[in-house]
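In case you want the letters, here they are:
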Amino acid sequence: MPASTGPIGIAGAGAWGTALANAAAAAGNDVTLWMRSPEQAAELSASRANERFLPGIRLHERIRPTADLSELAGARAVLLVTPAQTTRGMTAALANILPPEAPLVLCAKGIERETGDFLCNVVEQVRPGAPVAVLSGPSFAHDVARGLPTAVTIACTDAALSEGIATALSGPTFRIYHRTDVRGVEIGGAAKNVLAIACGAVIGRGLGESAKAALIARGFAELLRFARAYGGEAETLMGLSGLGDLVLTCSSAQSRNFAFGMRLGQGMSAADAAGGKLVEGAATAKALVALARAKAIDMPISEAVERILNGAWTLDQAVDALMNRPIKSELE
């Protein structure tokens, strides 16, 4: 971490941004929490509760809400907690106010839909030479905000910076492990959302826990193949940001991606299943499959999700296709 004693900046005050703000404050940091709406910032400052996203959770006293992005200029690190598809625009806005040495920590999980770029590459294109890290792992916002024990991973190519951010943000109930495998950590976070949609659809259609367990295992094999092809380390995918996050996201309706898949399995259209809310896995599926095809990576579950979402297959057709694939070694 830079030697600056400035606050931790959080850009984005949804459920995850607010939860991370509480965790960073509980770790002893002053926190500047940015949101787009001046009215919401004023309301949050007065009420000290983000009832829209985290009902019943009090905002830590060390958090200062603001709608003025320039107030993040003095932060020693900024956590970018806005949707994955806004990463390019938000990074450009932050590049105008942050000093070049200030780290930007990506907390969204996805792949840029229009370009197929990984989010760290997007940041590097917009803010060349500036440090970038990625935070990912098995974590629900309500658990973190309530102070329930949670462990995640942060990765940065600068090992000392990765360790420094992990140390600064870790608190009594929020533990961060550090790595240098940025690609592996961000692939784990992006791909598991697509696989969670598949698992939710299985449960929504009533296909059983055995089918869901098989999907998790075979989905993890897909994730490993993809990560290796794009420079991720297998050990990273065996950890919190890979297997840990996959198991959590594929096993609970608290996951927006899993819940979306459940509603698909119950017969809803993709638009109705989303209910007007952002589903990162749905936004990522097309880009993930395109990247897999570009390197001839076999990812049948992810492809099935993408075909369901684009209307090419029904769920029953996807199940039939997966169950009637050629018999092969489990190691393939």
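Calculation criteria
Note that residues are indexed from 1 along each chain, following the sequence as it is written. Since the coordinates come from a predicted model, pLDDT governs what is reported: local features require at least 70, and pairs of side-chain atoms require 80 or more to be given and counted, while whole-chain, interface and lining totals use all residues. Processing note: side-chain calculations cover all non-hydrogen atoms of the structure and skip hydrogens and water entirely. UniProt positions are given in the numbering used here, feature names are shortened, and annotations may be inferred rather than shown by experiment. What is meant by a nonpolar core is a set of buried Ala, Val, Leu, Ile, Met, Phe, Trp, Tyr and Cys residues, joined one to another through side-chain atoms within 4.5 Å. Only protein chains enter the accessibility calculation, which uses a 1.4 Å probe. A residue is then buried if its area is under 20% of the maximum for its type, exposed if over 50%, and partly exposed in between. Helical segments are the DSSP runs of H or I of at least four residues, strand segments are the runs of E of at least two, and each set is numbered from the N terminus. Contacts are assigned to residue pairs with any non-hydrogen atoms lying within 4.5 Å of each other. The directions considered for the arc run from the helix axis to the C-beta atoms. Identification of polar contacts relies on pairs of N or O atoms within 3.5 Å, with a donor-acceptor requirement for protein atoms, meaning one able to donate a hydrogen and the other able to accept it, and with residues adjacent in sequence counted only if both atoms are side-chain atoms. Handedness rule for crossovers: strands pointing away from the viewer, path from the first strand over the helix to the second running clockwise, crossover right-handed. A pair of strands counts as paired when DSSP detects no fewer than two bridges linking them. What makes a salt bridge here is a side-chain nitrogen of Lys or Arg within 4 Å of a carboxyl oxygen of Asp or Glu, nothing more.

The name given to the protein chain in an unreviewed UniProt entry is Glycerol-3-phosphate dehydrogenase [NAD(P)+], with the source organism recorded as Microvirga subterranea. In the Pathway (unreviewed entry) part of its UniProt record, the protein chain is described as follows: "Membrane lipid metabolism; glycerophospholipid metabolism." Per its UniProt entry, the protein chain bears the Subcellular location (unreviewed entry) comment "Cytoplasm".

Enquirer: Give a detailed account of the nonpolar core, specifying residues and quantitative values.
Expert: Proteins that are soluble and globular tend to have nonpolar side chains buried together. Counting 39 residues, the largest nonpolar core has Ile111, Phe118, Phe226, Tyr230, Cys250, Phe260 and Leu288 as the members making the most contacts within it. Put simply, the parts of the chain that give this core at least two residues each are helix H7 (182–204), helix H8 (209–229), helix H11 (256–265), helix H12 (270–274), helix H13 (280–294) and helix H14 (300–309). Considering every element that reaches this core, the biggest residue donor is H7, with 10 residues. Excluding its chain neighbours within four sequence positions, the residues that come into contact with Phe260 are Ile197, Ala270, Ala273, Ala274, Val279, Ala282 and Leu309.

Enquirer: Can you break down helix H10 (residues 240–249) residue by residue, with the values?
Expert: Taken as a whole, H10 has its buried residues at Ser241, Gly242, Asp245, Leu246 and Thr249. Around the axis of H10, the buried residues are gathered within 110° of arc, so they sit on the same side. Each element contacted by the buried residues of H10 is listed here: strand S6 (132–136), strand S7 (150–155), H7, H8, helix H9 (234–237) and H11.

Enquirer: Which residues make up the UniProt feature "binding site: sn-glycerol 3-phosphate" (unreviewed entry) in the protein chain, and what values do they have?
Expert: The UniProt entry lists Lys109, Gly137, Ser139, Lys192, Asp245, Ser255, Arg256 and Asn257 under the feature "binding site: sn-glycerol 3-phosphate" (unreviewed entry), expressed in the numbering used here. You can see Asp245 is positioned in helix H10. Once you skip the residues sitting within four places of it in the chain, Asp245 turns out to touch Lys109, Ser136, Gly137, Pro138, Ser139, Gly189, Lys192 and Leu240. A polar contact of 2.7 Å, which involves the side chain of Asp245, links it to the side chain of Lys109.

Enquirer: Before we move on, can you summarise the pairing of strand S2 (residues 31–34) with the specific residues and values?
Expert: As a general feature of sheets, a regular strand has side chains that alternate between the two faces. Of the two faces of S2, the one holding Val31 and Leu33 and the one holding Thr32 and Trp34 are both buried throughout. Between the parallel elements strand S1 (residues 8–11) and S2, the chain passes through helix H1 (residues 15–26) in a crossover that is right-handed. Two strands pair when backbone bridges link them, and S2 and strand S3 (residues 63–66) are joined in this way by four bridges, in the parallel orientation. Looking across to S3, one finds that Val31 is bridged to Ile63.

Enquirer: Residues and numbers for the pattern of salt bridges, please.
Expert: Applying the stated rule across the entire model yields 14 salt bridges. We note a salt bridge from Glu186 to Arg183, for which the minimum N-O separation is 2.3 Å. Within this pair, Glu186 and its partner Arg183 are both found in helix H7, separated by three residues, close to a single helical turn. One salt bridge in this structure joins Arg293 and Glu303, with 3.4 Å as the shortest N-O distance. Taken together, the residues span a long stretch of sequence, with Arg293 in helix H13 and Glu303 in helix H14 at a distance of 10 residues. Here the salt bridges do not stand alone but share partners, grouping Arg88, Glu112 and Asp117 into one network.

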